[in-house]
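Summary of structural features
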Amino acid sequence: MDLLRVRSRRMEDKYALYRILDDHISAQTIRQKNKAKSWKYGYDKEYDVVVISKTGEIGQVYEIEGLIIALPKVFENIESVNNKWIPSEYPKELQRIKTFFDWNRFDNEFKSKYVDYIEEEFDRRDKGYWFLNNGKPTYITGTHYMYLQWSKIDIGLPDFREANRIFYIHWAACVADSRSFGQCYLKNRRSGFSFMSSAEISDTATLSSNSKLGIQSKSGSDAKTMFTDKVVPIVNNYPFFFKPLRDGMDTPKTEISFRLPASKITKKNMNEENTGTIEGLDTIIDWKNTADNSYDGEKLLRLIEDEAGKVEKPNNILNGWRIRKTCLRLGSKIIGKCMMGSTSNALAKGGENYKKMFNDSNVSLRSKNGQTKSGLYSLFIPMEWNFEGYIDEFGFPVFEDPKKPVLGIDGEMIDIGVITYWENEVSALKNDPDALNEFYRQFPRTTSHAFRDESKQSLFNLTKIYQQIDHNESLIKDRVLTRGGFSWKNGVEDSEVIWTPENNGRFLVSWIPPTTLRNKVVKDRHGNRQPGNKHIGAFGCDPYDISGVVGGGGSNGALHGKTKFHLESEAPTGQFFLEYVTRTQTAEIFFEDVLMACIFYGMPILIENNKTRLLYHFKNRGYRAFSLNRPDKHVSKLSKTELELGGIPNSSEDVKQAHASAIGSYTEENVGYDLEGTYRDPDEMGNMYFTKTLEDWARFDINNRTKHDASISSGLAIMATREYIVKQQTENTKILLNFARYDNSSSKSQFKRQ
């Protein structure tokens, strides 16, 4: 039994959605503050934790996607009869009561019989609920409790899923955190988000007064369907003590208007005729047609953004969110929250915008005001946690093949693991890239799966690129890539360049040369500085000239380092080793970064020369020999400027094609699996570890290259490390050939004179 528990724990850790932080807050501090019940609901700056407990006491501290959350302390007298989630039975006598008016008609004896039950339901709604699940005390938030106990969905009452428990805990933290505008959830198909978000908006609306709550989806008809088929039935199914008085019919099509929020029935007020004055308090749930300016100028307590990753042109979820975000704030104070969730369409069909939204919601990247760029907090739950048919009776996934069949939550036996099922599906689709990528987007195990693009949209081999991205995500990145920066020793320019690892560094590298190969700059007989490691590798660079643009935009500067095929034993062969894609505060900082990288590695650089300031930076500092001439032309054919500065233009159609061809051939030879065994063993994965560059290759558009800084510079690095044989052309001259002519009319040939 102990061995089985250990195996189960290891498997759970392998696929874990959260970490328990035992040392984030000292046990002594927790005991002292729990005794005083002094933990305040919300973000605690001193301990950098979001407290979702409303009792003044906390228990375990979770980390979910970088967000640190303090759960309530385990309640006493946890229900343990069922050892799993079972909805509480709603007393039949109460089921017949439809409104507060009906309740008030009953005598005190009847009310006294059920008032404790009703009070407890309000407490569970407010503070959450603990129950024993497979022998383990398990906490669900109040909103999750309302979803499980009182929300009518397409199958009746929902099942308990551990994945949904984590979703709701994360959401509770987004609501509690005064820095957050809400949640950006990247999900798999049929994970229940539409119902869960409908339950949230219904729960909040029935507790609120003088508020508005809105619904958006990928289209107006989808928003309407969510309202009529999900929100309305959930509200209608609430018991009378949770159901406010409302205007209009029971099946509205456009909005629900509550006249009076549901008030808590207690022993003190159970005999009162009215728990409040009946007047128009205007709490409304409605939906609007999909448009960037929907809800513009309105104040919202809640906003549901369903299918946000499928909003297509002319609408744009990024533009729409910028407008609707203002509906949730009053100055610097956040007064409402957004629950946003979706699978992702192909990048050109709304997926690109949602990907940016999701990445901008990373809680580890905050402004000085403590907010993410979007204001939301990202959450991704892999498909294996919520895939129908592979959830056991306790709401946990059956990840790997069980030794004996496991009883599922639907009463069916599960004899293979969800990972095996998923891999079988992937294997069946491996020869159909578009179908495979659609499957990845619908049922992603990683965020890169979720944002897979259509193969027909890519110029390069998308299958290989995504094989490599998947492999990269499986690596322990700190053991393969190091982030850091370069600086001059003691601050003295043109001396020695020093490499310093740092978490917020602009450079990402997979190889640092040994001391003997660093700063290898040699001088020729004319005193010119030459790269001493040009036989090992070279850089490619897509520069920018202007330090800032209106609105803070502008393209990034990009630099890539790549080795050649060489005989140096202490350097990788034919491999990218450096990635730099960023926009510094000034162009001069970027220029110096590029120069220091070239000097540190002792390698030359091929620079796009349509913007010349970087080229002049190299020349003026005495490093003209580091700047490669364009490799596709003989030196005798270079222009005066090209001879002076080096570099290669991006305007020539021949260069564009050569550049794209370089990336294409490199992808075939060095990225993903080489199933034919042409360039390496079929089981050997490629060694391109820079995922940002791979993702840029995946969406590269040769007709709109300005957006693809990483592709431009990496392609130039490939061109710089290839051996081009350029023959000097000579002028064509007319050659006169006078052949002798003979008369063969007789038996003897006679020479004809011209």
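Our subject is the structure listed above.
Residues numbered from 1 in each chain as written. Predicted model: local features only at pLDDT ≥ 70, side-chain atom pairs only at ≥ 80, totals over all residues. Heavy atoms only, no water.

1. Here we look at unusual backbone geometry
It is generally the case that most residues other than glycine have a negative phi and that most peptide bonds are trans. Following K313, the chain continues to P314 via a peptide bond in cis, the omega torsion being 10°. The backbone of D48 sits at a positive phi, close to 50°, despite the residue not being glycine. Relative to the helices and strands, D48 resides in the loop between β2 (42-44) and β3 (49-51). A relative accessible area of 38% means that D48 is categorised as partly exposed. Even without glycine at this site, N519 takes up a positive phi of about 50°. The topology assignment puts N519 in the loop between β22 (507-509) and β23 (521-523). (Helix = DSSP H or I, 4+ residues; strand = E, 2+ residues; numbered from the N terminus. Buried < 20%, exposed > 50% of the residue type's maximum accessible area, 1.4 Å probe, protein only.)

2. Details of the sheet that holds β2
Pairing within the open sheet is mixed, and its five strands lie in the order β1-β4-β5-β3-β2. A single partner strand is all that each edge strand has here, and the edge strands are β1 (19-20) and β2. Across five bridges, strand β4 (residues 58-64) lies against strand β5 (residues 67-72) in antiparallel orientation. In the sheet register, Y62 faces β5, and the bridge partner there is I69. Here helix α7 (residues 162-176) sits on the sheet and contacts β2, β3, β4 and β5; the angle it forms with β5, its principal contact strand, is near 100°. (Pairing = 2+ DSSP bridges. Contact = heavy atoms within 4.5 Å. Axes fitted to C-alpha atoms, helices over the stretch in contact; angles between N-to-C directions.)

3. Regarding the sheet that holds β22
The strand order across the open sheet built from seven strands is β21-β20-β22-β27-β26-β25-β28, with neighbouring strands paired in mixed fashion. Every other strand in the sheet has two partners, leaving β21 (497-501) and β28 (605-607) as the edge strands with one partner each. Neighbour-to-neighbour, the strand axes of this sheet turn through a mean angle of 25°, independent of strand direction. Looking at chain direction, β22 and strand β27 (residues 576-582) are connected through two bridges and run antiparallel. Bridging from a neighbouring strand, V509 pairs with L578 of β27. Running at roughly 95° to strand β20 (residues 482-488), helix α17 (residues 587-601) makes contact with β20, β21, β22, β25 (537-542), β26 (557-563), β27 and β28 of the sheet.

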